[in-house]
Amino acid sequence: MTRNYKIDVDCANCANKMEEAANSTEGVKKAVVNFMALKMKVEFEDGADEKEVMKKVLENCKKVEDDCEIYL
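Residues numbered from 1 in each chain as written. Predicted model: local features only at pLDDT ≥ 70, side-chain atom pairs only at ≥ 80, totals over all residues. Heavy atoms only, no water.

### A word on the overall build of the protein
Test applied: Runs of E in the DSSP output that reach at least two residues are strands. Runs of H or I that reach at least four are helices, and both are numbered from the N terminus. A radius of gyration in this sense is built from C-alpha atoms; the matching globule rule multiplies 2.2 Å by the number of residues raised to 0.38. What makes two residues a contact is simply this: any of their non-hydrogen atoms within 4.5 Å. Per-residue and other accessible areas follow the Shrake-Rupley method at a 1.4 Å probe size, with only the shown protein chains counted as cover for residues. In this tally, Asp and Glu contribute negative charge and Lys and Arg positive charge; neither His nor the terminal groups of the chain are included. One atom stands in for each charge, and that atom is NZ of Lys, CZ of Arg, CG of Asp or CD of Glu.
Across its full length, the protein carries two helices and four strands. Listed by position from the N terminus, the elements making up the protein come as β-α-β-β-α-β. Scaling as 2.2 N^0.38, a compact globule of 72 residues should have a C-alpha radius of gyration of about 11 Å, and the protein matches this with 11 Å. Overall, the protein is about 35 × 20 × 20 Å in size when its C-alpha atoms are taken along their principal axes. Of the contacts formed within the protein by residues at least 6 apart in sequence, a portion of 56% connects residues at least 24 apart. Carbon and sulfur atoms form 45% of the exposed surface of the protein, whose accessible area is close to 4600 Å². For the protein, the separation between the mean place of its 12 positive charges and that of its 16 negative charges on side chains is 4 Å.

### Points about the sheet that holds strand β4 (residues 69-71)
Put simply, the rule reads: Two strands are counted as paired when DSSP detects at least two bridges linking them. Working convention: axes come from line fits to C-alpha atoms, limited for helices to the stretch in contact. Angles between N-to-C directions cover 0 to 180 degrees.
Ordered by their spatial adjacency, four strands build an open sheet running β2-β3-β1-β4, and the pairing between neighbours is antiparallel. The strands lining the two open edges of the sheet, one partner per strand, are β2 (28-34) and β4. Each strand axis lies, on average, 30° off the axis of its neighbour in the sheet, ignoring direction. With five bridges connecting them, strand β1 (residues 2-8) and strand β3 (residues 39-44) associate as antiparallel partners. Within the sheet, the bridge partner assigned to Thr2 lies in β3 and is Glu43. Relative to the sheet, helix α1 (residues 12-23) contacts β1, β2, β3 and β4, its axis offset from that of β2 by approximately 170°.

### Structural notes on the packing of α1 against helix α2 (residues 50-64)
As a reminder of what qualifies: The scheme is simple: roughly parallel for angles under 35 degrees, roughly antiparallel for over 145, roughly perpendicular for 65 to 115, oblique for anything else. Left-handed describes a crossing in which the near helix is turned anticlockwise from the far one by less than a right angle; the clockwise case is right-handed. Each residue is assigned to one of three groups, with Ala, Val, Leu, Ile, Met, Phe, Trp, Tyr, Cys and Pro labelled nonpolar, Asp, Glu, Lys and Arg labelled charged, and all others, Gly among them, labelled polar.
In the contact formed by α1 and α2, the axes pass within 8 Å of each other and the chain directions differ by 140°. One finds that α1 runs oblique with respect to α2. As for the relative orientation of α1 and α2, their crossing is right-handed in sense. Listed contacts from α2 to Lys17, Met18, Ala21 and Ala22 of α1 are Val57, Asn60, Cys61 and Val64. Among the residues making up the contact of α1 with α2, the classes are represented as six nonpolar, one polar and one charged.

Structural data, given as structure tokens:
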């Protein structure tokens, strides 16, 4: 399953940090952040609970870039 999320981030480097944090989150098969469009595309692993995984993705992103936002 793949979902798109609107994000808020200040710079391209911060967007790269968010992408790395999302990809290191359990339950995420692949995440891609598009800084210009302010969107994050997330592909979930089979059987993953989308809402729980995205809570963890947001937590992990906040660790590397505390003023970022993912609109869940």
